[in-house]
Amino acid sequence: MLEVPVYNTEGQQVDTVQVDEALFGGEVNISLLKQALTTYHANRRQGTVGTKSRGMIEGSTRKLFKQKGTGNARRGAVRSPVMKGGGVTFAKGPVRDFRKTFPKKMRQAAVDSALLAKMQDNSLMVVKGLKADAPKTKTMVSVLRNLKINRRCLLTLAAPDKNIYLSSRNISDLAVCPLAELNAWDILTRPKMLLTDDAMQAIMARKQEAAK
């Protein structure tokens, strides 16, 4: 059993959450996480790069000078790749689609494995009583300072909260994500993860229901 610490917004530990590793797959699936990251990387690629070959360049096809007798290197038209402004020798194109498929069950398993890795590494904590009555960056900065979080962090909410989002958007090292949009990429690319108590309860309830 793993113990996940629960803190209040003042930075004091008030409780712990007992987590059964079996609910999250029992062990971290490194190969699945690697596949998840590769998929997210590929799906972020635009694939719109393209260069012009000599056949796409405008200009005369006339040979600039005769082949022999001038003392110059052999050269063709101005569209030749060796000429300034000429075409590219091995031109890139056409537009490519780099997207990879990643089935829903594999995505969920990757999220579970990423959460388990964070818990085993003591990089995941739960905060209780986090709320924002109005958008105020100072409030979120104070909470992070109290929790001694000084690295890139992912804050996961049980449901979207406009005030918390607006209070966090000016903090460069803090990303806010609702539970419904949680993915392995966001978890793995940030050293720290902070869950609200509602989000942690929702995750545990879902995993316990699935285990029945």
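Here's a quick rundown of the structure. (Residues numbered from 1 in each chain as written. Predicted model: local features only at pLDDT ≥ 70, side-chain atom pairs only at ≥ 80, totals over all residues. Heavy atoms only, no water.)

## Concerning the sheet that holds strand E5 (residues 174-178)
Logical step 1: Ordered in space as E2-E1-E3-E6-E4-E5, the six strands form an open sheet in which the pairing is mixed. If you trace the sheet from one side to the other, it starts and ends with strand E2 (13-19) and E5, each paired once. Taking the axes of each pair of neighbouring strands and ignoring which way they run, one obtains an average angle of 30 degrees across the sheet.
Logical step 2: When strand E1 (residues 2-8) meets strand E3 (residues 124-128), the two strands line up parallel, connected through three bridges. When the sheet's bridge partners are listed, Asn8 is paired in E3 with Lys128. (Pairing = 2+ DSSP bridges. Helix = DSSP H or I, 4+ residues; strand = E, 2+ residues; numbered from the N terminus. Axes fitted to C-alpha atoms, helices over the stretch in contact; angles between N-to-C directions.)

## Focus: the packing of aromatic side chains
Logical step 1: Tallied over the entire structure, the rule returns one aromatic pair.
Logical step 2: With a centroid separation of 6.4 Å and an interplanar angle of 50 degrees, the aromatic rings of Tyr40 and Trp185 are classed as tilted. A residue pair is termed long-range when its members are at least 10 positions apart, and Tyr40 in helix H1 (residues 30-44) and Trp185 in helix H5 (residues 184-188) qualify at 145 residues.
Logical step 3: The class for Trp185 is buried, based on a relative accessible area of 15%.
Logical step 4: Its end group placed over the ring of Phe98, Arg45 keeps NZ or CZ at 3.6 Å from the ring centre. (Phe/Tyr/Trp six-rings, centres within 6.5 Å; stacked < 30°, edge-to-face > 60°. Buried < 20%, exposed > 50% of the residue type's maximum accessible area, 1.4 Å probe, protein only. Lys NZ or Arg CZ within 6 Å of the ring centre and 35° of its normal.)

## Some remarks on the layout of surface pockets
If you roll a probe as big as a water molecule over the atoms, it shows you where there is empty space left.
Logical step 1: One number sums up the size of the largest pocket: a volume of about 280 Å³.
Logical step 2: Every element with two or more residues in the lining of the largest pocket is listed here: helix H2 (104-120) and helix H6 (197-211).
Logical step 3: Ranked by the residues each element gives to the lining of the largest pocket, the list is headed by H2, at five residues.
Logical step 4: Lining the second largest pocket are Gly129, Leu130, Lys131, Leu157, Ala158, Ala159, Asp161, Ile164, Thr196, Asp197 and Asp198. (1 Å grid on protein atoms, 1.4 Å probe; cavity = no way out; pocket = protein on both sides within 12 Å on 5 of 7 lines; lining within 4 Å. Points joined across faces, edges and corners; volume = space filled by probe spheres on them.)

## Thoughts on the side chain of Asp112
Logical step 1: Looking at the secondary structure, you find Asp112 in helix H2.
Logical step 2: Apart from residues lying up to four places away in sequence, Asp112 is in contact with Phe24 and Lys207. (Contact = heavy atoms within 4.5 Å.)

## A word on the nonpolar core
Logical step 1: Membership of the largest hydrophobic core comes to 32 residues, with the highest contact counts inside it found for Val19, Phe24, Leu115 and Leu182.
Logical step 2: When residues in this core are grouped by element, the largest group, six residues, is from H2.
Logical step 3: Non-local contacts of Phe24, meaning those with residues more than four positions away in its chain, are made with Val19, Asp112, Ser113, Leu115, Leu116, Met119, Ile203, Met204 and Lys207.
Logical step 4: With 17 residues, the next largest nonpolar core counts Tyr7, Ala132, Leu144 and Ile164 among its residues. (Core = buried A, V, L, I, M, F, W, Y, C linked by side-chain atoms within 4.5 Å.)

## Focus: the packing of H1 against H2
Logical step 1: Running from amino to carboxyl end, H1 crosses H2 at an angle of 115 degrees, the nearest separation of the two axes being 9 Å. Crossing geometry of H1 relative to H2 is assigned as left-handed. Touching Leu32, Leu33, Gln35, Ala36 and Tyr40 of H1 are Met106, Arg107, Ala109, Ala110, Ser113 and Ala114, all from H2.
Logical step 2: Looking at the contact of H1 with H2 residue by residue, the classes come out as eight nonpolar, two polar and one charged. (Left-handed = near helix turned anticlockwise from the far one by under 90°. Nonpolar A, V, L, I, M, F, W, Y, C, P; charged D, E, K, R; others polar.)

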